[in-house]
Every structure is written in structure tokens, then in C-alpha cells.
Amino acid sequence: MRITADQAGARVLAGLGRHPQDALEAAVVLEAWGGLTARTSLPLASGAVRGAPAAGEGAPPRRVRPVRRERDGDDPRRTREVLGLLATLLATTAWFAPLSEALGRDVAARSWALALPLALGAQWALRRRHLSTPGGLGRLRRDRPLVVTGALLALLVPPGLLVAPELALPGALLVTWVGGMVVVVRGWGLPYAGALVLATAAAAAGVPAVLDVLAVVLVTAAAVVAAVGTLPVPKEGPVPWGRSLLAGALGAGTALLVVLDPAVEWSGQQPFPVVALLPSLLGGLAASRRLDSVWTVLVAALAVTTVQERAAARPRLARVFARIVAGATARLLLVAAVCSALLLAVLQALPGPGAPVRELVPLLAGLAAFGLVGFLAGLLETFTRAVGAVLVVAAALAGSSAAALTGLVDVVPGLLVAAAAASAAALVPLARLVRHPDRTLATAL
Amino acid sequence: MSARTSRPRVALLTEGTYPFVVGGVSTWCHQVVTGLPEFDFELVAVTSPELEEAVFRLPPNARVGAHLQLWGPRAPRRAPGAPRAPRARRPQLGAELLRGLLGWDVAPLDVVPALVWCRQHPERVVPTFRAAATWTAFLAALEELAAERHPDAGEVPPLDVRHALELYATTSWLARTAAEATPDADVSLVTAAGWAVLPAVVDKALTGRPVLLSEHGVYVREAYLAAARSSDGPAQRFTATRLARGLARLTYAVADVVSPVTAANAAWEERLGAAPGRIVPVPNGVPAPGEPAPAPRTCTVVSVGRIDPLKDVATMLRVAAEVRRRVPGARFLHYGPVPPGQEAYARGCRELHAALGLEGAFEFRGSTSDPTGVVRDADVVLMTSISEGFPMAVLEALSQARPVVTTHVGGVLEAVLGAGVTAAPGDVAGLADAVSTLLRDPELAERLGRRGHARVRRNFPQQRCLDGYRLLLGELVGARAAVPVPAAAAGPRELVGAGATGGAS
């Protein structure tokens, strides 16, 4: 077929409905839609691209597709998740009194103090390794180390509760808290919460506390097996152990703040700290929801900024990012404050002597501060700022210890000191994170 | 490196195909590994993360030696027992890869040292891309790229920061692919001039392992076609096609032998830098056909191919509608899967199918494990592709003495010469004329079919194709054995690219 360069240019324009991007695109059009052979189309293609305007000219404005990474789910699912977590915490808290009675207050308190860091560490590690990608829960059953650990716990804890409950109790709490999270993430939070409420009622009705815990452990283990076993295994592999274990260590480290804080009384008369953790937990959930907008609002702002404009646009982009982080922090503190006030009112309204307000307020403030430490560490870890995240937790632990050693805790709750130290340690890494939003997202691999 | 066995070993590098996906390239790979039992094949598969299970049963002389899932969470690591390198830094890594693979007028081998560094420091690849300095250097290189001017290159479209982020992530995966350790082998057989070449480039630079490229379609052409048909904006089209071009140029520069399945595709390879003297076409082949069964004479038209824009199923449907207008009893049977990512295209085809009123007249029958068998039910075999190498579907039709009506793309004409009718891609009227004529004149159809059968027996026996690869692989293995393996410390650029012409288009 004979064709002139002008005809080739016209053919390409007609085929594409626009000018070609380059000579190769012109050649492809001439070959695939013009019926020319490669030997004919390739030499003609250079002519077809001459005089074409810039590729972006006349193009419609870029449509910005929102990007969401590490999406946990839609709103109803998130609500169910929150309700399930609340129920898990409340139910296990309700066991404290009967277990203290059956096993001794020291045993119960020690078990809680041991289980809390382990459970929080396991939850953070599990979230990072599997739950940060959609459908990741189904992958759990292919994760041999986790399956072996879970199977060992499920096999050893139930008989352990019957034979040596004082030794097996931390394991039972670990299974309930971590297993509960798995069941809740599966979307079965409400029925699971119902089962826990029944167990709590049974304990109140006089069922021996250890048997009650045993039943919950068995139900939880069965629910986890069903939750994981009924999901397809996603093809994508898990996040490597290195990063998951780091997340786990950060989670455990933040929990240590609560466990080691001398002001958080585990065996006294004041409301049990697990209940008092609820406001900060809810605050953390509200904050993480706000942080999700990094993948929509911030990415949308980046999508309307050309590479050449980015230096000039940096202050504007940094403000967008800073507003998201500040908004998330404010949400955490606000939700924690409101929920603490509500909890305080509920505790004061309960029959019985109750704890004095002057003891409860510092406790709740301290635990809200604990939530802030977790939030800051989690934020840095999410953007792969491992060193910053470790620094935050280390600073919090150091601050808390220093407050205890110097007697500062008599004036200010140790957890507030820890949060202040963590915030100070987070300032520089957070500023670096926020000042260069493009760099932050690019390097969060 | 493990001790060499006496049997020659081939690293077979695939991208999104064998042994995880059914298709023409995979069928070819399976023919080669089963047909060349004297070689041991170590498969190095580069795939998307959702591909896990092999769909081919590998013969005893083949195994999956490495499987790199792009876009998954796994980071490259040091090989067990390998010494820990000092905390190496290469903040220019992203910029080097960007310039080397997306620049229009760069020497394709300039990128090799950066790729080699990735293999030598696999555990440093992800930390390097996490470093602020790497991103900064990458952006500077992107600005340089945007300012590049070349008469054939057109203008670079405006790139926004989100594009830059996506491109940075892609670049990090190029580095991870280069970092992937491959099993020890005597020769690398690369099946596409794309991502799969990266490990082979590094192996050649480090150990002198020769590279044989067997090209089926033309990778860069298919990337341009996909981009041209997509609804992506100019910036996304630019990055996708420039990367494909860069990878193709790198492949042609590094390959010792470029073996297209048809001489028709050699023009692209030469244009992008392959030295003509290194291009050795080896056409596909099919098992020697026996005596063909007579055509059913039921006005049945069969087509075989995946539901993919490259196969231009929409044109096929329009041809069917036009043929039905002329030959009301004509029936169309299409065999082929919907590959991952083409679900929307398949939906569009079904909508067109309904709009053209083809219910009951054109059936989508899904995958077939017996492509040769299904063409026996045909009076005419139809193919409407806009890009092809040397299609097995056409050879299988000819081997069963069925006339072929096809678009003349790639090496189709070479295969079908005198045994069918061709038309320009997208020429509905021309294709419909041909199909209608053959359905109305079964004697003519039978004559063409017999010619095709004879042509396949004479020119395209599978054994000839296998012998071609046996010869090429044997020569490359022998050439490597005759030359001492260069030390890894030697400059990589001296080890690759002999004979490359460095074409810039």
C-alpha cells in the first residue's frame, strides 16, 4: 500500500482522535488500524508526529481518583468493629471481680498486666502483617508461625485453665483479646459481643469464673477458626515479618506504659483500667478515620500540582497534610475527653461507694495521654518512619520512668509526662513528615 | 553459585505468562520445555501478585526457580549465606533508572550499572527508595525528562505529583526485579522484551550468561496499542509507553540473539536497536498433522483467542452480524478466556453482542483445552487481531485444513499465504466478504484448507521450531562454555551490548 506522509499523519489523527504522543504511537496506529506493514509504517511515523502540539494540550482536566490504602472497611463495618471491641473489653473487665475472688486479686492483676502488652503487641503485629490489605484475614491460615502459635494457645490454655488457672489466665486473656479482634474484623463483632455478654451474665449468676473464662476461650477459638477458615486466601503475600514485628513491639511498648505506671492501680478499688482504656481506644479509632483522608484529600491535592510547581506549592500541600494530622490528633483528644466525661458520670452513678473523682480524673487523663502515644507511634510507623516511631515509644517509657523516679507522679500523672515526652520526641519526625507530603507518600514503601 | 551439572541449564524468564496463565506464549513455552528434554529449565516468572498457582504441569526437566510477584509486599533480601555488604547508598538509583529507561535519547546500556547494584545489594533496595535523597534526585531527573526534546518524541505531557509518586513506585519495582536472584544457568531465554529481561541483564553483566530473546508479539507495540485504546490521560499513556520502549531497547541491546516468531516483526526490533545480524526468526510450529477430517459444511465459523482488545473482538462481532445478513444460517463459535484485567472489555463485547442481535448466532464458549479439536468443527476460521506475532491459532486451523480469514498483522501473512484471505485490521466489510464467500463456496474453502494443511506440514512442523531453539540454545551454551566466566567485579558495560546499534526511536 502506498501512502504519503501527509496521508499517514491524517490517518493517525483520525485513528486516535488526537495527535500522536510520539513516532512509535503513530507507527502503531498505521500498522494496527491502517493495515500497513511495520517496514512501511515505521519510516512514515516520524512525519506523522511533526507539528503535533504538546501532548497535554486540549486534554480534559485530570480526573482525580481517590486512593485509599489500608482501608479497614465501610462505615457500618467500622461501627460493628467498634461495638465488638467495646463488648470484648467490657466483658473481660467484668470477669475481674469473680476471678479475683476465685484466684486471688494479685493473680488476676498480674495476669491482666502480663496479657495487656502481649495482646496489644500481637494486635499491632497482626494488623500490620495481614489486616492492612483488603481480605488479608483469609491469609492467616497460610501463615505457619501464626497458625502454630494460635494452635498451641488453643490447645494449652483450656486444659491449663482447669489444672493451673493462675498460670493459664494470661493466655486466656490473650486468646480472648486477640481472637476477639480477629472475629470483629471478620464482621462478626455483634454476635461475638452477644456471646460475651451471655458469659458475663453467667458469671454474675454464679457459674464458676474459671469455667466461664474457659467457655469464652473455647468460643473465641472456634470463632477465629470459622472467621479465618471461611474467607478466601488472597493471592497477595503478607507484609514481611520484620515490619510486622516492629509494629508489634511498638504496640507492646505502648501497653507497657500502662502496665508499669504506678498510678494505674491494678488491684485497688478504683475502676479497673481496662474500662478506663475505652475513651482512648475510641479516640484512637476516630483519629485513624481522619488520617484515612491522607489517601483522598492529600492525594487529590497532589494530583492538581505539576512536578514543576511542587516547590512553590509545598507550603499549601504541607498545610493540607498538617490539617489532617492536627485534625486526627484533635479528634483523638476530643473523643477521649467526651467519653471520659461520660464514663466518669456512669461510674459515679453506679451503686456502691465508687472511686473519688480526684482519683478517676487523673487516671482517665493519663489513659487519654497513653492513646496519644499510641497514635503518634502508629502514625510514624504507617509511613515507615521506624526510627521516629521507636523514639516516640522510648521517650514515653523514659518519661514515665523518670516521673516515677523523681516523684513527679505525685503531682502529674506519669502517663501525662510520658505523652509529653513522646510528643516532644515526635515533633521533629512529624514536622519532616508533614513538611514534604510528596516525599512522605513516595518513601512510605 | 552451585556446581555445574553436565546438562545444559536454561533460565526461562517469563512475564505474566508461563506457567501461571494460559495463552499463546505459555503454550509455546510448554512446547519448548517438553520438546527439549536435553535441557534443564529454571523458570523465572515475573507476575502480578494474584498469580500463585501454576496452571501447567511442568515436565521433569523444568521447575519454577524464582517467582517475583510485582506490587506485592515482599522486599528483596540477601541470599542465604551471602555476605552482608556494607551499608551501601545509591541515592541516584531512582533517577538512574528513570533516565535510563524513560529517556528518549539515552544509550540503553547506561542503566546496567544501576541494575547490577540492585542485585549486589538486594537488602538495600527498599531502604534506598525510602530515603528522602532518592526521591529528590528522582524528581530532578523527572524534570530533566520533561525538558527533553527530540523530533520523534513529541512533547512530554505535564506530569503531576501523583503521577510522579506512581512512577517512583514503579521504578522501585524495576529495582526489585533486577535484585531478584535467579537460579544458576548457562543461558537466559527471555520470552518478552519487557520486565522479564531485567534479571537476565544483571546475570549477563555479572556472569556473562548469554541472552536469547524469543519475541512473540512485539512488547513495545502491544504496550502502545494498550495505551492508545485506554481511557488514561496523556501522562499515564506517556509513562506506560516510555517504560515499555526503554525495556524493549534494553532487551534488544543486551540480547545475543533476537528470535522473533516472524520476520515481519524484525522491523520493530531493528528500529529499537537490535543489530540485524543478531535477528534470527524462528517461526512457531505445530505437531505434524494427520489426514484432515472433512469440513462439516454447517456454515460454522470458529475463532480462538482471549477476549482482549488486541484480538479486536468487537470487529469480530460486527463481521458476524454482517455475515449473518448475507448468510442467515451462519453460526459463530468463539473460544477463549477473559484474562484478568479485561473484564470491562468483555462486558463491552457482550453488550455489543446483544445490540447486534447475535443471540444464538454467536456463542462465547470460554476457554478450551483442545484448540486444535475445536477448529475441526469449523468451515472457516476467523481472526480479527490488531497485533500478532505468529499466531498458533492460525497454524492450528491450517493444520486441520480449515481456511482462515484474518487481518494481515505481524507474521500472519507469512503463515496463511495461499491458504486463506486477509483484510486490513478493523475492515469489517472486507472480512465479512471473505467469510461469506467461503461459506457460500465450500469447494473453494476446501481447496484453501488443503493448501494450508500442506503448507503447515511443509513449513511449520513443531519439530523445526524446536530444532531452531535447540540450535540457538546449544550455540549460546557452547559459546559461554568456551569463554571463561567473567568476574563479577568486571565492568558490566563491557559484558553486554556487543553489536547493539543503539537506535533511538
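Above this text you will find the structure in question.
From a predicted model like this one, the values you see are computed outputs, not experimental measurements.

## Digging into the overall build of chain A
Argument step 1. A count of helical and extended segments in chain A gives 18 helices and 0 strands.
Argument step 2. Residues classed as buried in chain A amount to 49% of the 445 residues present.
Argument step 3. Pairs at least 24 apart in sequence give 77% of the contacts found in chain A among residues at least 6 apart.

## Brief notes about the packing of helix α3 (residues 112-120) of chain B against helix α7 (residues 197-207) of chain B
All names here are of chain B.
Argument step 1. Orientation of α3 relative to α7, taken along the N-to-C sense of each, is 90°, at an axis distance of 9 Å. The pairing of α3 with α7 is recorded here as roughly perpendicular in orientation. On α7, the residues touching V112, L115, V116 and R119 of α3 are L198, V201, V202, A205 and L206.

## Quick look at the sheet that holds strand β1 (residues 9-15) of chain B
All names here are of chain B.
Argument step 1. If you trace the 6 strands from one edge of the open sheet to the other, you get β3-β2-β1-β4-β5-β6, paired in parallel fashion. If you trace the sheet from one side to the other, it starts and ends with β3 (62-69) and β6 (257-260), each paired once. Taking each pair of neighbouring strands and ignoring which way they run, the sheet shows an average axis angle of 20°.
Argument step 2. Of the strands in this sheet, β1, β2 (40-47), β4 (187-190) and β5 (211-215) are in contact with α7, which crosses β4 at around 160°.

## Description of helix α16 (residues 386-406) of chain A
An α-helical turn contains 3.6 residues, so a residue and the one three or four places further along point in the same direction.
Residues and elements named next belong to chain A.
Argument step 1. Under the 1.5 Å per step criterion, the end-to-end length of α16 is 30 Å for 21 residues, consistent within 8% with the ideal 30 Å.
Argument step 2. Residues of α16 that are buried include every one of G388, A389, V392, V393, A395, A396, G399, S400 and A403, and no others. On an axial view of α16, the arc spanned by its buried residues comes to 155°, and they lie on one face. Residues of α16 that are exposed and point over 90 degrees away from its buried face: V387, L405 and T406.
Argument step 3. Looking at the packing, one finds that the buried side of α16 touches α10 (241-260), α15 (357-382) and α17 (414-435).
Argument step 4. Downstream of α16 by one or two residues, G407 has phi in the positive range, about 80°.

## A closer look at the interface of chain A and chain B
Argument step 1. Residue-level contacts link 47 residues of chain A with 59 residues of chain B.
Argument step 2. Contributions of two or more residues to the side of chain A that touches chain B are made by α2 (23-32), α3 (38-49), α13 (297-303) and α18 (437-442) of chain A.
Argument step 3. Looking at the side of chain A that touches chain B element by element, the count peaks at 6 residues for α2(A).
Argument step 4. In the side of chain A that touches chain B, the residues fall into 26 nonpolar, 11 polar and 10 charged.

Parameters at a glance
- Residues numbered from 1 in each chain as written.
- Chains lettered and ligands numbered in written order.
- Predicted model: local features only at pLDDT ≥ 70, side-chain atom pairs only at ≥ 80, totals over all residues.
- Helix = DSSP H or I, 4+ residues; strand = E, 2+ residues; numbered from the N terminus.
- Buried ≥ 20, exposed ≤ 12 C-beta atoms within 10 Å, placed from the backbone.
- Contact = placed C-beta atoms within 7 Å.
- Axes fitted to C-alpha atoms, helices over the stretch in contact; angles between N-to-C directions.
- Parallel < 35°, antiparallel > 145°, perpendicular 65-115°, else oblique.
- Pairing = 2+ DSSP bridges.
- Expected span 1.5 Å × (residues − 1).
- Arc of directions from axis to C-beta.
- Nonpolar A, V, L, I, M, F, W, Y, C, P; charged D, E, K, R; others polar.

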